[in-house]
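Structural characterization, general
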Amino acid sequence: MAFAAPETPSRVHRIPQSKYIDAVRWLSPVSALDRFAAVAYYDTDTNSPSIEIICVDPNPQGSSPTLTPQSSWTPPSRISSLKTAHSTHQPILAAATFSGSIHILAPDLINGGTVESEATVSELGFHSGPVSAVDLREGGTECVSVGEDGRVNLVSFVGDSSNLNYRRIFDANGLVGYTAVKWASPSEFATGGYGFGLQWWDQRRPGGPVSQFKGNWCQGKTSGIVHSIDIHPSRKHTCLAGGSSGTVFAWDLRAQQQPIVLSGAGTGEAPISLLSESEVWEVQYDCYTRSSNIGNITSTRILPIMICSEDGILAVIEQGEEPLELLAEPCAINSFDIDQQNPSDVICSLEWESIAILTRS
Amino acid sequence: MPGVSSASGGSSASGGGALVPISPESQGAAVYPLNHGLKSPISRLSISWSRGNSLRVSFFAAPSSVEDDAGGTVVEVKLGGGDGEISDAHWRRIAYGSVSPFALLQSRKNAISSLSKMSTNSSPYDADWWDYIMEYSKDINALLSSQKPASVPVIDDPKSVIVKGEEPTNLKAAWELLEMFYAEKPSHLCLPERLVDWLADFDSLFSGTHPTVHSKLVDFQKELVNLQVVEDNPKYWEVMSSALAVGWLDIVVKMLRLHGSYQLDQLSNRETENGLVEAVAVLISKMPRMRLDQEAGKLGECFKAKPDFVKAREKWRAQINKLDSSAFWFQCAHLQTREGLRSMLQIMLGNANSLCSATCHWIELYISHLLYIRPFTVGLESMYSLAQKIIQLKPMASAHRLMGLIIGILGENTEVVLAECLKGFGPWMVVHAIELLTAGSDHAEMLLLEERPNLGGINIEELHRLVYAQVLSSHPLTWQIAPIYLISCMKHGMVLLQILLSKQPVQHNQLLLKSIEICRLYELHSITANIMKIAGVHHWKHGRKGSGVFWLQQARDEYRLNRIAQQLFDSVGKTISDESFKQWEGLIQLLGSDSKTAGGLEFLHKYRDFKKSLQHVFDGKTTDAARQAVESLISLMKNPSTPQRFYLPLLYDSLKLLNWKDRPLLNVSQTNLLLTKLQDLSLARLRPDFIESELPPQALNSVRLALATNLGRAILEE
């Protein structure tokens, strides 16, 4: 399979760290000069997790970028999911842990990036076992968390109480486990789980998911797990999901049970380009427009997306086109984040204890 | 002494070789006290391996009368903090980075060996081969450099004699030695000069244990700032002679130019003296050297061919002799300058005594001999005999690990080289060095690839790869690169890989999927299935029923699916009539329509369909909907996977269908089927393991009555 090579190669810098990196996110900048990112580390030698705010200097005197740690905060256990909200005056981080707690952090980027835990939910019974995914609503007043225990919780943090209250939206009692979650609108969100299943939830219609997508479309092939979901703010009816066996598909709520397979196992009909055969850990809509102007893309077409995978691929997929491979690492790419303000820049966490910063030209 | 790992990560027990099964020296048992904090006497002790090279020691206290005393405690003891020179994180970085070069070289080796099998007349070692080896060696070498680039000062300070480059490490020094002798085959002619460069880079490494020229220079550099008249200081001349002896021409010339006679105010009355200093400086910078390339800015004249070099060297020596016997020396008033310069000339002329007194340890003396006395030394044999002679001239009290390695290499003794690598640098070094050792030497290849009965039929190469793979496997971050090394082991690799994968924890999806991915790469389907089964049962036990069912389905484990189905039905019987049916919806969707992978759970699917159609009947009351419900009821009752304990609830739920007003919905044979099932149920109730459903007591009778009525109506209709 030949992949389209980028016309102008992007610059990649790999910066070795001495700890495992569980997740990495850009923070929305507070000034034009400084750029910050949040990194969830895990030190295996001392068995200690940490969330660090780092200042990214992309180009000090023409050499490779430098990462300067600004501040650090120690969660009670390893981070399972880390999300940021962008449209807030101050960046807000939501961190979920393997011990079943959620922490809302608000780093003060102007005064040295000090991280303080603004609020925490860690009560017994919030989640049993790890929180598998968390997502912050734009505007940053609420976040939703899901777990393999089948619980869907809504945490709101308006006001300044340090111990948050949460509302149980649903409890599947472990009969269904959820592994991914993403807000679609202030009242709707989507979850994903085992067997490539997706669920659509609407807070206005409580009592369970309002719509479910059956994941059994890949007949004969082994099924898989959804690891990541993304929903574009302008296309709220389409839910993009990435998961096992290199599978990336979109679920259009208007065409209920017919997935649009963008990569991977496929429906067995048209030969769909196989970018990767292993786990797709994260999917995100890629807002970095290339030559084709985005306005021409009709609403039925899926916008360009970026994925990262267990076999070390970072690529951009456009419906009906050859995927564009940006990175092919010898180790897994665990997570990545596209800078919302500066979409040519991508930060990735590599399995071999390093961070890669990619600048597309 | 070992530290408790929770306190700090970097304590060391027995230095670099701690991971290696062969103990370098048996020094007798070392005793380390452990603080366990228990008050009562210890009754039992359990020691097991923890993560990495940590030992987990569990102390169990004897039952005591004191109430508050803890019953026991667990202490983690970290063994061998590693090299000291290279941190654990850096070692991991090296381990990660060497995966790709190693794998690439292996695949190239395999390609070459399969090619040479096809055509018998072509040699397996062609020009490409040396390129591959060199590429491999360079890739590995690049990993060993420190990550931070050396900062180059913008303004050249005339008084800074030594340029501080990147911090040298013993590991890099050792690798460069191996590269020089085993990977750069064609340049053997220039080996002496390569050694000169090597020592210039790494002489400081010996400073810790031995006096070195480098440490002399460093000391003098400190003094230099406070010296007004350098040429009066005997150390100035001593240090310059030493630097000249080991061939650091740039430093010597730079230092000569610090001579007081260069100063403008003194130039007029020290003209002759200055002329002599400058003459020596020019001679030094014109020294002919036999080497392939010269770094820009380095002094000396390069010659690639031997005849040119011989001619130039004779001419250069003649010039030195001429200067040495010139009359200008008598006009030089400054005693130190005269003596110092003349002793430098002696060094350049190769005076053995001068060289010996100018150098500190035998490698420096050896280098000086190669430079000034025997520059034509070619071949390892003559280099080795020279080295032995030199060692006798400058015997060392203690040996440095790099010295042992050099002797092994020069002596062409593969066993010694391997042993020194292992002792000094650990299993990583051995595994990756073997690739260089076997690259061009048939003898080494025979030695290392010969199967040995005392090693269980494996060869030395495989033994070391297995050891290294074990080291990698013991760390939670590096275990995932161990498979690369294991699959390169022909005999035991695959089995150990299977064991490694089977031992990985399954609690977290990321790790679990990683193991499955590795299984997929090496086509270990049975291991995949096993891992999935373990994961399934783990999730099931922890109440994550959906995840459990998913993994068991993926493993196609019908046996366990049927077993857990029985447990699931217990909760179904209680809850499915409630509103909580939504919870089940997701699980039923997960099961899918494919009954093969669902095991006994396909009943759930049918039961859901039946419940749905029954719901339609209650909502709409149309006969069509009722007929559909009857169809699902019959297919449920016919299906062998429907558990018996559901017979009565199913029939009780369908009472409305059985008593359908308009006309009987079930025909005679259908009714008979249901009656038979009811009969089976009555028999089953006599068994002790039967679970009674939670229904009103009259349920059975009302079902019986309804079925009998229906039978009568059906017979009449037919």
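Residues numbered from 1 in each chain as written. Chains lettered and ligands numbered in written order. Predicted model: local features only at pLDDT ≥ 70, side-chain atom pairs only at ≥ 80, totals over all residues. Heavy atoms only, no water.

Regarding its fold elements, chain B presents 32 helices and five strands. Scored against the burial criterion, the 718 residues of chain B give a buried share of 49%. Partitioning the intrachain contacts of chain B with sequence separation of at least 6 by distance along the chain shows that 65% fall at a separation of at least 24. Working note: accessible area of chain B is about 34800 Å², and carbon and sulfur atoms make up 56% of it. (Helix = DSSP H or I, 4+ residues; strand = E, 2+ residues; numbered from the N terminus. Buried < 20%, exposed > 50% of the residue type's maximum accessible area, 1.4 Å probe, protein only. Contact = heavy atoms within 4.5 Å. Areas by Shrake-Rupley, 256 points an atom, 1.4 Å probe, with all protein chains shown as cover.)

Let's shift gears to the interface of chain A and chain B. Each side of the interface is counted separately: chain A has 46 residues, and chain B has 41 residues. Between chain A and chain B, a total of about 3800 Å² is buried, with carbon and sulfur atoms accounting for 51% of that surface. One salt bridge in this structure joins A:Glu353 and B:Arg92, with 2.7 Å as the shortest N-O distance. The interface formed by chain A and chain B includes 13 residue pairs in polar contact (both at pLDDT 80 or more). Those elements that provide at least two residues to the side of chain A that touches chain B are strand 13 (165-171) and strand 17 (211-213) of chain A. Class assignment of the residues belonging to the side of chain A that touches chain B gives a composition of 17 nonpolar, 18 polar and eleven charged. (Buried area = accessible area lost by both parts, 1.4 Å probe. Salt bridge = Lys/Arg side-chain N within 4 Å of Asp/Glu carboxyl O. Polar contact = N/O pair within 3.5 Å; in protein donor to acceptor, adjacent residues only side chain to side chain. Nonpolar A, V, L, I, M, F, W, Y, C, P; charged D, E, K, R; others polar.)

Now for the pattern of salt bridges. Residue and element names in this part refer to chain A. Across all of its chains, the model carries 42 salt bridges over all chains by this definition. As a salt-bridge pair, Lys19 and Glu52 come within 3.2 Å of each other at their nearest N and O atoms. Of the two residues, Lys19 sits in the loop between strand 1 (11-16) and strand 2 (20-27) while Glu52 sits in strand 4 (residues 48-57), which places them 33 residues apart along the sequence. Per residue, the accessibility class of Lys19 equals that of Glu52, and both read buried. A salt bridge links Arg151 to Asp171; the shortest N-O distance between them is 3.4 Å. With Arg151 in strand 12 (residues 151-156) and Asp171 in strand 13, the pair connects residues that are 20 residues apart, well separated along the chain. You can call Arg151 buried: its relative accessible area is 17%. What emerges from the salt-bridge pattern is a single network uniting Asp149, Arg151, Arg168 and Asp171.

Aromatic ring pairs are defined here through the distance separating the ring centres and the angle between the ring planes. For the structure on display, the rule yields 24 aromatic pairs over all chains. Between B:Tyr236 and B:Trp237, the aromatic rings sit 5.0 Å apart at their centres with planes inclined by 75°, giving edge-to-face as the arrangement. Among the residues examined, B:Tyr236 registers a relative accessible area of 0% and is labelled buried. What links up through ring pairs into an aromatic cluster is the set A:Phe170, A:Tyr178, A:Trp183, A:Phe189 and A:Trp201. The ring of A:Trp183 carries A:Arg137 above its face, with NZ or CZ at 5.8 Å from the centroid. (Phe/Tyr/Trp six-rings, centres within 6.5 Å; stacked < 30°, edge-to-face > 60°. Lys NZ or Arg CZ within 6 Å of the ring centre and 35° of its normal.)

Residue and element names in this part refer to chain B. Packing of helix 6 (residues 234-245) against helix 7 (residues 249-256) brings their axes to within 8 Å, and their N-to-C directions diverge by 155°. Considering the angle they form, helix 6 stands roughly antiparallel to helix 7. Between helix 6 and helix 7 lies a crossing whose hand is left-handed. Residues Tyr236, Trp237, Val239, Met240, Ala243 and Leu244 of helix 6 touch helix 7, and the partners they reach there are Leu249, Ile251, Val252, Met255 and Leu256. (Axes fitted to C-alpha atoms, helices over the stretch in contact; angles between N-to-C directions. Parallel < 35°, antiparallel > 145°, perpendicular 65-115°, else oblique. Left-handed = near helix turned anticlockwise from the far one by under 90°.)

Residue and element names in this part refer to chain A. Strand order in this open sheet of four strands is 14-15-16-17, and the pairing throughout is antiparallel. Unpaired on one side and paired on the other, strand 14 (178-183) and strand 17 mark the two borders of the sheet. Mean inter-strand twist for the sheet, computed between neighbouring axes without regard to direction, equals 20°. Sheet topology places strand 15 (residues 188-193) next to strand 16 (residues 198-202); five bridges connect them, and they run antiparallel. Considered in strand 16, the bridge of Gly192 is made with Leu198. (Pairing = 2+ DSSP bridges.)

Let us look at the side chain of A:Thr238. Note on placement: A:Thr238 falls in strand 19 (residues 235-243). Excluding its chain neighbours within four sequence positions, the residues that come into contact with A:Thr238 are A:Asp230, A:Ile231, A:Ala250, A:Trp251, A:Asp252, A:Tyr285 and A:Ile302.

On to helix 28 (residues 623-638) of chain B, then. In this model helix 28 of chain B runs 22 Å from its N-terminal to its C-terminal C-alpha over 16 residues, within 8% of the 22 Å that 1.5 Å per residue would give. Listed in full, the buried residues belonging to helix 28 of chain B are B:Ala625, B:Ala626, B:Ala629, B:Val630, B:Ser632, B:Leu633, B:Ile634, B:Leu636 and B:Met637. (Expected span 1.5 Å × (residues − 1).)

Together, B:Ile487, B:Met494, B:Val495 and B:Ile499 make up an exposed nonpolar region whose accessible area comes to about 320 Å². With respect to the helices and strands, B:Met494 occurs in helix 20 (residues 493-503). (Patch = residues over 30% accessible without salt bridge, like charges linked within 9 Å, V, L, I, M, F, W, Y side chains within 5 Å.)

Quick look at the packing of helix 16 (residues 414-440) of chain B against helix 17 (residues 442-449) of chain B now. Residue and element names in this part refer to chain B. The contact between helix 16 and helix 17 brings their axes to 8 Å, and the two run at 120°. The orientation of helix 16 relative to helix 17 falls into the category oblique. Crossing of helix 16 against helix 17: the hand is left-handed. Side by side, helix 16 and helix 17 meet where Thr414, Glu415, Leu418, Ile434, Leu437, Thr438 and Gly440 of the first sit next to Asp442, His443, Ala444, Glu445, Leu447 and Leu448 of the second. Taken together, the residues of the contact of helix 16 with helix 17 sort by class into six nonpolar, four polar and three charged.

Residue and element names in this part refer to chain B. As for its position among the elements, Glu167 is in the loop between helix 2 (127-144) and helix 3 (170-183). Judged by relative accessible area, Glu167 falls into the exposed class, the value being 54%. As a C-alpha pair, Glu167 and Tyr136 span 31 residues in sequence and 23 Å in three-dimensional space.

Moving on, we come to the sheet that holds strand 24 (residues 313-317) of chain A. Residue and element names in this part refer to chain A. One open sheet accounts for four strands, arranged 22-23-24-25; its pairing is antiparallel. Every interior strand has two partners, whereas the edge strands, strand 22 (280-285) and strand 25 (324-328), have only one. Strand-to-strand twist of the sheet, defined as the mean angle between neighbouring strand axes without regard to direction, takes the value 15°. Of the pairings in the sheet, the one linking strand 22 to strand 23 (residues 305-309) comprises five bridges and is antiparallel in character. Note on strand 23: the bridge partner recorded for Tyr285 is Ile305.

Attention shifts here to the confidence of the model for chain A. When pLDDT is averaged across chain A, the result is 84; 86% of the residues are at 70 or more. Predicted confidence for residues 267-271 of chain A stays below pLDDT 50, and this span has two contacts to residues more than four positions away or in other chains. (pLDDT = per-residue confidence, 0-100.)

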